[in-house]
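Listed here are the chains, written in short residue letters.
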Amino acid sequence: DVKVTQSSRYLVKRTGEKVFLECVQDMDHENMFWYRQDPGLGLRLIYFSYDVKMKEKGDIPEGYSVSREKKERFSLILESASTNQTSMYLCASSFRRAGYTYGYTFGSGTRLTVV
Amino acid sequence: SQQGEEDPQALSIQEGENATMNCSYKTSINNLQWYRQNSGRGLVHLILIRSNEREKHSGRLRVTLDTSKKSSSLLITASRAADTASYFCATVARGRGYQKVTFGTGTKLQVIP
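Residues numbered from 1 in each chain as written. Chains lettered and ligands numbered in written order. Predicted model: local features only at pLDDT ≥ 70, side-chain atom pairs only at ≥ 80, totals over all residues. Heavy atoms only, no water.

Colleague: Before we move on, can you summarise the overall build of chain A with the specific residues and values?
Modeller: Secondary structure summary: chain A contains zero helices and 12 strands in total. Each helix and strand of chain A, ordered N terminal to C terminal, gives the series β-β-β-β-β-β-β-β-β-β-β-β. Expected size for 115 residues packed as a compact globule is a radius of gyration near 13 Å; at 14 Å, chain A falls within 12% of this value. In terms of overall dimensions, chain A has C-alpha extents of about 45 × 25 × 25 Å along its principal axes. Buried residues in chain A amount to 50% of all 115 residues. Long-range pairs, those at least 24 residues apart, make up 56% of the contacts in chain A between residues at least 6 apart in sequence. Carbon and sulfur atoms form 50% of the exposed surface of chain A, whose accessible area is close to 5700 Å². Positive and negative side-chain charges of chain A, numbering 17 and 14 respectively, have mean locations separated by a distance of 3 Å. (Helix = DSSP H or I, 4+ residues; strand = E, 2+ residues; numbered from the N terminus. Rg over C-alpha atoms; globule rule 2.2 N^0.38 Å. Buried < 20%, exposed > 50% of the residue type's maximum accessible area, 1.4 Å probe, protein only. Contact = heavy atoms within 4.5 Å. Areas by Shrake-Rupley, 256 points an atom, 1.4 Å probe, with all protein chains shown as cover. Lys, Arg positive; Asp, Glu negative; His and termini not counted. Charge placed at Lys NZ, Arg CZ, Asp CG, Glu CD.)

Quick look at the structure:
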């Protein structure tokens, strides 16, 4: 069964800590995405990547960075965690083919609490 | 701002009834997708409808798209308790060299057994 795996379901971190959220997909997808989901705001795109070592800012990149050293792995980094980064973080991936759009496959999410 | 806005925000129906959710958007799109999210979990892709299509079916799901009104609807027929979830529309538009996907805020559906 193909899937996107996020390393943690729940995470509690202290303000100022550097936080790593890991995402691995086994579908050989080119595209990978990080979203955060907050009540009333829906899903907001933080960063995405269309290829290894490639990254693009989404709508809310401030306070975050990403790393994609291998095709199957896309990491989200909170350089210095703050309480307003408490949220559900969702990783997704999809194929990339010219002229086609594919649905996303999502991971189960990581609920991060910053105290 | 959000591209897709779902309506209603919440919907409660009896098992066996049909559920209809609507999505409105602001700019031109290439296609529109619907996703389901069970409580506290990731989203699951349900169906994709292209901008040149008007209606699409998948099992108990029926999606319509009206590009002149910039709106879409998702109909779930003969609902089941297991359909209880949040449903999101996602619009796909052309961005700077890539396709930009924007999710709405979702409709929370409760199906009462």
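Colleague: Any chance you could break down the environment of Asn22 of chain B for me, citing the residues and the numbers?
Modeller: Residues and elements named next belong to chain B. Relative to the helices and strands, Asn22 is located in strand 3 (residues 19–24). Overall, the relative accessible area of 30% leaves Asn22 in the partly exposed class. Distance from Asn22 to Asp7, taken between C-alpha atoms, is 5.0 Å for residues 15 residues apart in sequence. When residues no more than four places from it in sequence are discounted, the contact partners of Asn22 are Glu5, Glu6, Asp7, Trp34, Ser72 and Ser73.

Colleague: Outline the state of the cysteines, supporting the account with residue identities and numerical values.
Modeller: Residues and elements named next belong to chain A. Tallied over the full model, the rule gives two disulfides over all chains. Across a sulfur-sulfur distance of 1.9 Å, Cys23 and Cys91 are joined as a disulfide pair. Every disulfide takes its handedness from the sign of the S-S torsion; for Cys23 and Cys91 that torsion is -75°, giving left-handed. Here Cys91 lies in strand 10 (residues 87–94) and Cys23 lies in strand 4 (residues 23–25), a separation of 68 residues in the sequence. (Disulfide = S-S within 2.5 Å.)

Colleague: Tell me about the interface of chain B and chain A, and name the residues and values.
Modeller: Between chain B and chain A, the residue contacts involve 21 residues of the former and 22 residues of the latter. Summing the contributions of chain B and of chain A, the shared interface buries around 1700 Å²; its carbon and sulfur component is 47%. On the surface where chain B and chain A come into contact, there are zero salt bridges. Across the chain B-chain A interface, the total number found is five residue pairs in polar contact (both at pLDDT 80 or more). When contributions to the side of chain B that touches chain A are tallied by element, the ones reaching two or more residues are strand 4 (31–37), strand 5 (43–50), strand 9 (85–94) and strand 10 (99–103) of chain B. Grouping the constituent residues of the side of chain B that touches chain A by class yields eight nonpolar, 11 polar and two charged. (Buried area = accessible area lost by both parts, 1.4 Å probe. Salt bridge = Lys/Arg side-chain N within 4 Å of Asp/Glu carboxyl O. Polar contact = N/O pair within 3.5 Å; in protein donor to acceptor, adjacent residues only side chain to side chain. Nonpolar A, V, L, I, M, F, W, Y, C, P; charged D, E, K, R; others polar.)

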